[in-house]
Amino acid sequence: MELRQLRSFVVVAEEMNVGRAAARLHLTQPSLSRQIATLERDLGVELFARVRRRFVLTAAGATFLAEAQDVLRRSDEAVRAAQRTQRGELGTLRLRFVQSATHEALPRLLGAFRDAYPEVVLDLETMTTLRQTEALRDGRIDVGLLRPNAPAPIDGGRKRGSTAAGGAGDHSPGAGTVVVQLGPGLASRAVSADPLVAVLPARHPLARRQRIRLAELADEPFVFYSRPSGPAVHDTIVGFCRAAGFVPRIEQEAADVQTIVSLVAAGLGVSLLISPTPLSNPEAVVYRELSDDLPRWQLSVAWSPDNRSPVLARFLDLL
């Protein structure tokens, strides 16, 4: 039994006239009659009968009509779902992100994607850059929002998304940002380049100033990223402090940015975070620019070119 036989049967049942049904189906009347006869033979039941010169459904035909209409409806839905999936309008996007992406880039990118493709399921989770690159290579995730390198100074400026990019004063990739290749098998595109900022209790003497030098924090207790939660970030910030002439005295550690900010607000120390920073009560904690000539931290979207997911392609189209 084929779908075309079911469609022919349903049209005949709707018209109750083989001639009109044949016209709707663009078939000859003898061809349509043979289809119905073959279907009845395959089923082993009569679907139609003539009563007082009228063409009517039998009881078996009426039951079969309801089921055939349901099969055709579900078949049409399956076709539409497959086509929409191929276009990237349905499916699942498995996205992982570093914590520092949650305050600006992640809401911006996900908001635009959700508006464009509201029926795609979003599978989201925080994950360190190292784990993201492993998961991308293994095919366990589709896209990562990560920090592809520890920053280091560079010269010059190039176009957005290239090895380096020019510009300053905002979160666009700019001079002072290095883009290190993520290794074979992965591609990336820069979405921002973010400065390091000082996090201070609102009543701290340095909070009265808009910019401070890193060395001015030399004698302060620090609240720091725990190293297992982000070894590259932890080690690079410690390296900046060493370059400024001191080793940070780390008194508290936390695995997430919001906890770090809360501990600073409680007066347990100062901290250094990658901008953008979380919203907070300015009467409890403040963020201050650093006047040191420090490189910015690139934030990139990364993916595997071998991943043929249509949903991934639609996400990349919006970058």
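Higher on the page you've got the structure.
Just so it is clear, the model here is predicted, and its values are computed rather than measured.

Undergrad: Hey, could you go over the sheet that holds strand 7 (residues 196–201) for me, with residue numbers and the actual values?
TA: The strand order across the open sheet built from four strands is 8-12-7-11, with neighbouring strands paired in mixed fashion. With partners counted over all chains shown, the strands left at the sheet margins are strand 8 (211–212) and strand 11 (271–274), one partner each. For strand 7 and strand 12 (residues 285–290), the ladder comprises five bridges, and the chain directions are antiparallel. Counterpart to Val199 in the pairing with strand 12 is Tyr287. Lying over the sheet, helix 8 (residues 257–265) contacts strand 7, strand 11 and strand 12, oriented at roughly 150 degrees with respect to strand 11.

Undergrad: How would you explain helix 2 (residues 18–25) if you had to name every residue and give the values?
TA: Residues Val18, Ala21 and Ala22 constitute the buried set of helix 2. Projected down its long axis, helix 2 carries its buried residues within an arc of 100 degrees, all on one side. The inward-facing, buried residues of helix 2 contact helix 1 (3–15), helix 3 (29–43) and strand 2 (54–57). Backbone nitrogen of Gly19 and a side-chain oxygen of the N-cap are separated by 2.9 Å at the start of helix 2; the cap is Asn17. Count one or two residues on from helix 2 and you reach His26, which has phi positive near 60 degrees.

Undergrad: Please provide a residue-by-residue account of the pairing of strand 5 (residues 143–146), values included.
TA: Here strand 5 shows two buried faces, one formed by Val143 and Leu145 and the other by Gly144 and Leu146. In this sheet, strand 13 (residues 297–303) lies alongside strand 5 in antiparallel orientation, the contact comprising four bridges. Looking across to strand 13, one finds that Gly144 is bridged to Ala302.

Parameters at a glance
Residues numbered from 1 in each chain as written. Predicted model: local features only at pLDDT ≥ 70, side-chain atom pairs only at ≥ 80, totals over all residues. Heavy atoms only, no water. Pairing = 2+ DSSP bridges. Helix = DSSP H or I, 4+ residues; strand = E, 2+ residues; numbered from the N terminus. Contact = heavy atoms within 4.5 Å. Axes fitted to C-alpha atoms, helices over the stretch in contact; angles between N-to-C directions. Buried < 20%, exposed > 50% of the residue type's maximum accessible area, 1.4 Å probe, protein only. Arc of directions from axis to C-beta. Polar contact = N/O pair within 3.5 Å; in protein donor to acceptor, adjacent residues only side chain to side chain.

Any functional reading would require information that these geometric values do not contain.
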